[in-house]
Every structure is written in C-alpha cells, then in structure tokens.
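Here are the chains, one letter per residue:
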Amino acid sequence: DTGVSQDPRHKITKRGQNVTFRCDPISEHNRLYWYRQTLGQGPEFLTYFQNEAQLEKSRLLSDRFSAERPKGSFSTLEIQRTEQGDSAMYLCASSLVSVYNEQFFGPGTRLTVL
Amino acid sequence: LAKTTQPISMDSYEGQEVNITCSHNNIATNDYITWYQQFPSQGPRFIIQGYKTKVTNEVASLFIPADRKSSTLSLPRVSLSDTAVYYCLVGPAVSGSARQLTFGSGTQLTVLP
C-alpha cells in the first residue's frame, strides 16, 4: 500500500506526559499537513510543510505542540505536557504542491488523555 | 476562505440518487469547489472537484450553477457503504494562495436498507 500511513493508530496517555506521532506521506508528495479532529467536527488545520520547511502554523497549535519533517520525508508531531483537551484524532495528509486541495489522508492517530 | 453551509444530516434508501447541496455565497473568482467523504475512524477521502457547470467521475457528479453560489454533489444509486460524512470545501486551487483545507461540520448521510 503506497498511501499515507500513521503510527500509532491509538495512543492512551496520562495527563502531563509527552507523546509523539509519526506520519509517512506518499513518497512523491512534497506537501505534508497535520489536522486535528474532535467528535462531530470536521478536521481542523494545525500546520503544514513543503519539503522540510514548516510554512504555516495555525493559532490552534500551542507552544506545547511541535512538528518536524527532517529531510522532507516523514513527519513527527509531538505534544508535550498533554492535557485532556488534547484528546482527538490527529490526521496527516499529503499532496503535490500544484494540487493542494486534493489531499490524501492517513488513517489518523486517536489520542486519549486520561 | 469562503464559508460553506450544508445540511447537518440526510437519510436515503439503497438504490436511490442522493443530492447534497452546499451554499457558498461569497465564493471568489479563483475558488474551486471540492468534496470529501469520511467514514468513521478514517481520514477524509477526496471525491470530486469542479469550477463550473458539471463534473462527473466514477464516483459522483458535481453540479455548479452559473452564479457558483451553491453546488450539488450527486451520488447515483447509493448503497449502505455510502453512509459517511460528506464535506464541501471552497478555496483556490492554485499553489501559493490558501494552503490548508477548511472543513465545516459536513453532512452525515445515512443510507437505509
């Protein structure tokens, strides 16, 4: 399968712990996006990369959140000092630069903060 | 980015044609209309995109009137597996302008046997 993959699929953690998620995009896609989705809502944009450069961050992305995309391949999203409000589905997507609104999404990582 | 309005939910029966309408009164000249489908516990999946008139692919048709202030996603002969949330998005397709997708709450389509 050459689609977008995310790891882990589920993560349960205690409040105050740090968590890290990984996303592997479609190999020829140079744009990579992170979204967060809570129950009953559509995905909300968090940040995106073009190759290894992080070009935009949403105001939703507090300073406890950090994302990286070393070498323009896979990406990681880290949440430090997790809070119960961080519980959500974290979605990764990738696209070509030229067709940014046709994004390919991964299955997501469901985070539960106890 | 243009704001979109779509019904919260719709019910249909297997074999029927389903039309989901989306309003986007302040669509800009360079905006495209894009629809995504999302099943529970999965990421959204691109369905179709159009600029004006009619676009058809193997999954759906998209009808856009001349004023482009609304659009209709048409799903022919739905089956139980089409039960999902459908999102209408409006934004420019050209690289370098708006970059992120802005999802609303979508339309929950439930197909009944």
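The present account deals with the structure reproduced in this document. Only a predicted model underlies this, so the values are computations on that prediction, with no experimental measurement involved.

1. Digging into the interface of chain A and chain B
Bring the parts together and some accessible area is lost; that lost area is often taken as the interface size. Of the residues lining the interface, 23 residues belong to chain A; the matching set on chain B comes to 23 residues. At the boundary of chain A with chain B, the tally comes to zero salt bridges. Linking chain A with chain B are five residue pairs in polar contact (both at pLDDT 80 or more). The set of elements that each furnish at least two residues to the side of chain A that touches chain B consists of β4 (31–37), β5 (44–50) and β9 (88–95) of chain A. Taken together, the residues of the side of chain A that touches chain B break down into 11 nonpolar, eight polar and four charged.

2. Considering the pairing of strand β5 (residues 53–56) of chain B
For β5 of chain B and strand β6 (residues 61–64) of chain B, the ladder comprises four bridges, and the chain directions are antiparallel. Bridged to T53 of chain B within β6 of chain B is I64 of chain B.

3. Some thoughts on the packing of aromatic side chains
Following the criterion strictly, the structure yields 14 aromatic pairs over all chains and no others. With 6.1 Å between their ring centres and 90 degrees between their planes, Y35 of chain A and F103 of chain B make a pair best called edge-to-face. Residue Y35 of chain A is located in strand β4, and its partner F103 of chain B is located in the loop between β8 (84–92) and β9 (107–112); the two belong to separate chains. When sorted by exposure, Y35 of chain A lands in the same class as F103 of chain B, which is buried. Ring centres of Y36 of chain B and F103 of chain B lie 5.7 Å apart, and the angle between their planes is 65 degrees; on these two criteria the pair is classed as edge-to-face. Of this pair, Y36 of chain B sits in strand β3 (residues 31–38) while F103 of chain B sits in the loop between β8 and β9, and the two are 67 residues apart along the sequence. Ring pairing ties together the aromatic residues Y33, Y35, F45, Y48 and F105 of chain A together with Y36, F46, Y87 and F103 of chain B, which thus form one cluster. Lying across the ring of F74 of chain A, R22 of chain A places its NZ or CZ 3.9 Å from the centre.

Calculation notes
Residues numbered from 1 in each chain as written. Chains lettered and ligands numbered in written order. Predicted model: local features only at pLDDT ≥ 70, side-chain atom pairs only at ≥ 80, totals over all residues. Heavy atoms only, no water. Contact = heavy atoms within 4.5 Å. Salt bridge = Lys/Arg side-chain N within 4 Å of Asp/Glu carboxyl O. Polar contact = N/O pair within 3.5 Å; in protein donor to acceptor, adjacent residues only side chain to side chain. Helix = DSSP H or I, 4+ residues; strand = E, 2+ residues; numbered from the N terminus. Nonpolar A, V, L, I, M, F, W, Y, C, P; charged D, E, K, R; others polar. Pairing = 2+ DSSP bridges. Phe/Tyr/Trp six-rings, centres within 6.5 Å; stacked < 30°, edge-to-face > 60°. Buried < 20%, exposed > 50% of the residue type's maximum accessible area, 1.4 Å probe, protein only. Lys NZ or Arg CZ within 6 Å of the ring centre and 35° of its normal.

As far as function goes, none of this settles anything; it's purely spatial.
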